[in-house]
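Residue-level listing of the chains:
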Amino acid sequence: MIAVLLIFLINNAEIKSALDRKYASQKLTIGDPFNVTIEIVTDHGTKINGPFIDGVDSFVITDVKRKTVGEKGRNVDIFNLRLVPFQTGELEIPPLLFLNINDGQIDTLTSPSIPITIHSVLPAGMKDINRLKPAVEYPNYVPLIIFVAALAIGGLGYAGYRIYQKYCLTRTRPRPLPLPWIEAQIALENIPLASWLEKGLVKTYYYTLSEILKRYLERRFAFSALEQTTTEIMNCLKSLKTPMQEEFGHFFERADLVKYAKLRPPDEELSAALATARGLVQKTIPPDCAASEKKH
């Protein structure tokens, strides 16, 4: 693009309008700002008012700066305008109006128009904006279907997660223990008495009986019988005033002799030891629980 310089002379007033030189070789597109300079040369003492903008059609003026310089009895008013194009094609920057006031006489000055080319920013093969898609028919149930499907999937996922949590909880949650006397009676019933006596496992037999009774006392009367000696167990039974204290003590003392002193009781005592242990458990069941068991 070649810079344009146009000069008008009206009543000794000279007005020039030109595109700034740096935009002369630049390819301007929509939205690219550029500058236009207007110079008005008048006699000294003349006053210039303006510019008065009637309309700039395809441009927007974003800034106007003015500077006045005096030289050899004349004034030079320089107006620097910044414009932004919003249309494409071969355009013209329209004339701008100024008032020349000299000795009470008012003249109108009009700046020359400036031809300028504004290029499109669209791709080479694209002539215009793509056409709009056709309107969606109403009512459109697709968004509702998608929402309901997403809601259903979320609900199923949450239900599955809750079922999985319950499954994990049932696997990790320990089963509740039976009542102490029921647990002890079941354990005593499962002792293979005949097999152990036939194999000579007397020590194992008495050790098992002692552990079953200690666990029963620990759960029944709430003290750590499994970790105590016979003497300590007897002291706890006395302090708690439990029934059958002496009978428990005599049983544990005989069991200690078998376990630690290698005593082998007579066969009659060996067979009766299991029944003795059962009797100790049954006689120390809480009265209300014992009555309910008899009813059943």
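Above this text is the structure in question.
A brief report on the enclosed structure follows. (Residues numbered from 1 in each chain as written. Predicted model: local features only at pLDDT ≥ 70, side-chain atom pairs only at ≥ 80, totals over all residues. Heavy atoms only, no water.)

**Notes on the sheet that holds strand S4 (residues 47-52)**
As a reminder, the rule being used: For two strands to pair, DSSP has to find at least two bridges joining them. Helix and strand assignments come from DSSP, with helices taken as H or I runs of at least 4 residues and strands as E runs of at least 2, each series counted from the N terminus. What counts as an axis is a line fitted to C-alpha atoms, over the stretch in contact for a helix, and the angles between N-to-C directions run from 0 to 180 degrees.
If you trace the three strands from one edge of the open sheet to the other, you get S4-S8-S9, paired in antiparallel fashion. Either end of the sheet is taken by a strand with one partner, and the two such strands are S4 and strand S9 (105-110). Direction aside, the axes of adjacent strands within the sheet are offset by 20° on average.

**Here we look at the packing of helix H5 (residues 230-240) against helix H6 (residues 245-260)**
The line we're drawing: Any angle that is under 35 degrees is reported as roughly parallel, and any over 145 degrees as roughly antiparallel; angles of 65 to 115 degrees are reported as roughly perpendicular and all others as oblique. Pairs of residues are marked as contacts when any of their non-hydrogen atoms sit within 4.5 Å. Each residue gets one label: Ala, Val, Leu, Ile, Met, Phe, Trp, Tyr, Cys and Pro are nonpolar, Asp, Glu, Lys and Arg are charged, and the others, such as Gly, are polar.
Running from N to C, H5 and H6 cross one another at 175°; their axes reach a closest spacing of 10 Å. One way to sum up the angle between H5 and H6 is to call them roughly antiparallel. Counting all contacts with H5, which are made through Thr230, Ile233, Met234, Leu237 and Lys238, the residues of H6 involved are Gln245, Glu246, Phe248, Gly249, Phe252, Glu253 and Asp256. Its residues assigned to classes, the contact of H5 with H6 shows five nonpolar, three polar and four charged.

**Observations concerning the pairing of strand S5 (residues 59-71)**
Relative to strand S6 (residues 74-85), S5 runs antiparallel, the two sharing twelve bridges. Bridging from a neighbouring strand, Phe59 pairs with Pro85 of S6. Where S5 folds back onto S6 in an antiparallel hairpin, the turn is made up of two residues, including Lys72, whose phi is positive at roughly 50°.

**Remarks on helix H7 (residues 267-283)**
As a reminder, the rule being used: By this rule the span expected of a helix is its residue count minus one, scaled by 1.5 Å. Partly exposed describes any residue whose relative accessible area lies between the buried limit of under 20% and the exposed limit of over 50%, with all areas from a 1.4 Å probe on protein chains only and scaled to the type maximum.
Compared with an ideal rise of 1.5 Å per residue, which puts 17 residues at 24 Å, H7 spans 25 Å between its outermost C-alpha atoms and is within 8% of the ideal. Those residues of H7 not exposed but buried are Leu270, Ala273, Leu274, Ala277, Gly279, Leu280 and Val281.

**Considerations on the side chain of Glu183**
Rule in force here: N or O atoms within 3.5 Å of each other form a polar contact, as long as, within protein, one can give a hydrogen and the other can take it, and as long as residues adjacent in sequence are counted only when both atoms are side-chain atoms.
Checked against the element boundaries, Glu183 lands in helix H2 (residues 180-189). Judged by its relative accessible area of 18%, Glu183 falls in the buried class. Only 3.0 Å separates the side chain of Glu183 from the side chain of Arg219, close enough to count as a polar contact. Contact partners of Glu183, with chain neighbours within four places excluded, come to Leu177, Pro178, Arg215 and Arg219.

**As for the nonpolar core**
Formally: Among the buried residues, those of types Ala, Val, Leu, Ile, Met, Phe, Trp, Tyr and Cys that are joined through side-chain atoms within 4.5 Å form a nonpolar core.
Ranked by internal contacts, the top residues of the largest apolar core, which has 34 residues, are Tyr205, Leu209, Leu217 and Phe248. The element contributing the most residues to this core is helix H4 (residues 202-221), with nine residues. The contacts of Tyr205, once residues within four sequence positions are left out, are Ile191, Leu193, Trp196, Leu197, Leu270, Ser271, Ala273 and Leu274. In this structure, Leu28, Val36, Ile48 and Ile116 belong to the second largest nonpolar core, which totals 19 residues.

**Comments concerning H2**
Selection rule: What the arc describes is the spread of directions from the helix axis to the C-beta atoms.
All of the buried residues along H2 are Pro180, Trp181, Glu183, Ala184 and Leu188. All buried residues of H2 lie within an arc of 160° about the axis, which places them on one face of the element.

**Some points on unusual backbone geometry**
Even without a glycine there, the phi angle at Ala222 is positive, about 60°. Counting through the fold element by element, Ala222 comes out in the loop between H4 and H5. At Lys262, a residue that is not glycine, the phi angle is positive and equals roughly 60°. With a relative accessible area of 78%, Lys262 lands in the exposed category.

**Some remarks on the pattern of salt bridges**
Using the following cut-off: A side-chain nitrogen of Lys or Arg and a carboxyl oxygen of Asp or Glu constitute a salt bridge if their distance falls within 4 Å.
Within the structure shown, the criterion is met by seven salt bridges. One salt bridge in this structure joins Glu269 and Arg254, with 2.9 Å as the shortest N-O distance. With a gap of 15 residues between them, Glu269 in helix H7 and Arg254 in helix H6 connect regions that are remote in the sequence. Measuring nitrogen to oxygen at the nearest pair gives 3.8 Å for the salt bridge that ties Asp256 to Lys259. One end of the pair, Asp256, and the other, Lys259, are both in helix H6, three residues apart, so they sit about a helical turn from each other. On the basis of relative accessibility, which here comes to 22%, the residue Asp256 falls in the partly exposed class. On the basis of relative accessible area, Lys259 is assigned to the buried category, the value being 6%.

**Focus on the environment of Phe223**
For Phe223, the position within the fold is in the loop between H4 and H5. C-alpha of Phe223 to C-alpha of Cys236: the two residues are 13 residues apart in sequence and 7.7 Å apart in space. Apart from residues no more than four positions distant in its own chain, Phe223 is found in contact with Leu217, Glu218, Gln228, Ile233, Cys236, Leu237 and Leu240.

**Regarding the packing of H6 against H7**
Which entries qualify depends on this criterion: Crossings are assigned a handedness: left-handed for a near helix turned anticlockwise from the far helix by less than a right angle, right-handed for a clockwise turn.
H7 packs onto H6 with a crossing angle of 145° between their chain directions and a minimal axis gap of 11 Å. Two packed elements cross with a definite hand, and for H6 against H7 that hand is left-handed. The segment H6 lies against H7, with Glu247, Phe248, Phe251 and Arg254 engaging Glu269, Ala273, Thr276, Ala277 and Leu280. Grouping the amino acids of the contact of H6 with H7 by side-chain chemistry returns five nonpolar, one polar and three charged.

Structural measurements only, silent on function.
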